[in-house]
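Below are the chains, spelled out letter by letter.
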Amino acid sequence: LRFPQKLWKMLESGKFQSIWWSESGKYVAINKDLFEAEVLGREGQQVFHTQKIKSFMRQLNAYGFTKMQRNFQRSASLPEFLAEEAAASAHSQILYYYNPSFNRAHPWLLETCKRR
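Residues numbered from 1 in each chain as written. Predicted model: local features only at pLDDT ≥ 70, side-chain atom pairs only at ≥ 80, totals over all residues. Heavy atoms only, no water.

Read across the open sheet, the 4 strands follow the order E1-E2-E4-E3; overall the sheet is antiparallel. Of all the strands in the sheet, just strand E1 (19-21) and strand E3 (66-68) have a single pairing partner and so form its edges. Averaged over all pairs of adjacent strands, the angle between strand axes in this sheet comes to 30°, irrespective of strand direction. Relative to strand E4 (residues 94-98), strand E2 (residues 27-31) runs antiparallel, the two sharing 5 bridges. Among the inter-strand pairings, Asn-31 is bridged to a residue of E4, identified as Ile-94. Along the sheet, helix H1 (residues 3-13) makes contact with E1 and E2, crossing E1 at roughly 85°. Relative to E2, helix H2 (residues 32-40) is tilted by about 80°, and along the sheet it contacts E1, E2 and E4. (Pairing = 2+ DSSP bridges. Helix = DSSP H or I, 4+ residues; strand = E, 2+ residues; numbered from the N terminus. Axes fitted to C-alpha atoms, helices over the stretch in contact; angles between N-to-C directions. Contact = heavy atoms within 4.5 Å.)

Two aromatic rings, taken as a pair, are described by how far apart their centres are and by the angle between their planes. Summed over the entire model, instances satisfying the criterion amount to 10 aromatic pairs. Judged by centre distance (5.2 Å) and plane angle (45°), the ring pair of Phe-3 and Phe-48 falls under tilted. Here the residue Phe-3 occupies a position in helix H1, and Phe-48 occupies one in the loop between H2 and helix H3 (53-62), the gap between them amounting to 45 residues. The two residues Phe-3 and Phe-48 agree in class, both being buried. (Phe/Tyr/Trp six-rings, centres within 6.5 Å; stacked < 30°, edge-to-face > 60°. Buried < 20%, exposed > 50% of the residue type's maximum accessible area, 1.4 Å probe, protein only.)

Here the focus is the pairing of E2. Relative to E2, E1 runs antiparallel, the two being bridged by 3 bridges. Its bridge partner lying in E2, Trp-20 is registered against Ala-29. Between E1 and E2, which follow one another and run antiparallel, lie 5 residues, and Gly-25 among them has a positive phi close to 80°.

On to the pattern of salt bridges, then. Taken as a whole and assessed by the stated rule, the structure comprises 1 salt bridge. Across the salt bridge formed by Arg-104 and Glu-12, the nearest N and O atoms sit 3.1 Å from each other. Of the two residues, Arg-104 is situated in the segment after E4 and Glu-12 in helix H1; the sequence distance between them amounts to 92 residues. The class of Arg-104 is partly exposed, set by a relative accessible area of 44%. (Salt bridge = Lys/Arg side-chain N within 4 Å of Asp/Glu carboxyl O.)

Looking at the secondary structure, you find Gln-93 in the loop between helix H4 (78-91) and E4. Given a relative accessible area of 28%, Gln-93 falls into the partly exposed group. On a C-alpha basis, the gap between Gln-93 and Lys-32 in space is 5.5 Å, while along the polypeptide they are 61 residues apart. Once residues within four sequence positions are removed from consideration, Gln-93 is found in contact with Ile-30, Asn-31, Lys-32 and Asp-33.

Right, dumping it as structure tokens:
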């Protein structure tokens, strides 16, 4: 299987806690640290031909995925702001990637997801 098909199969399997579809099904969400341990660090059963997150991200970029920034609304009160900062810090480990040809609701678009 090519990289996009492997990624799709992984997302649809539900076997991994470190990678999932966004609520809308338009983005791929990856918990960076957990993905490194759960997927890239697997002994003998590698899904992708790398053990490094940077190589995996290069593969995403090569197939037209772009990293998306998550914007958080900030509160004016200090206690709420500090709580939001803690949540944002936890979210910093989560990477979001988008590709218009990689959409859960439109699996037929997967064939148009080509290497650049």
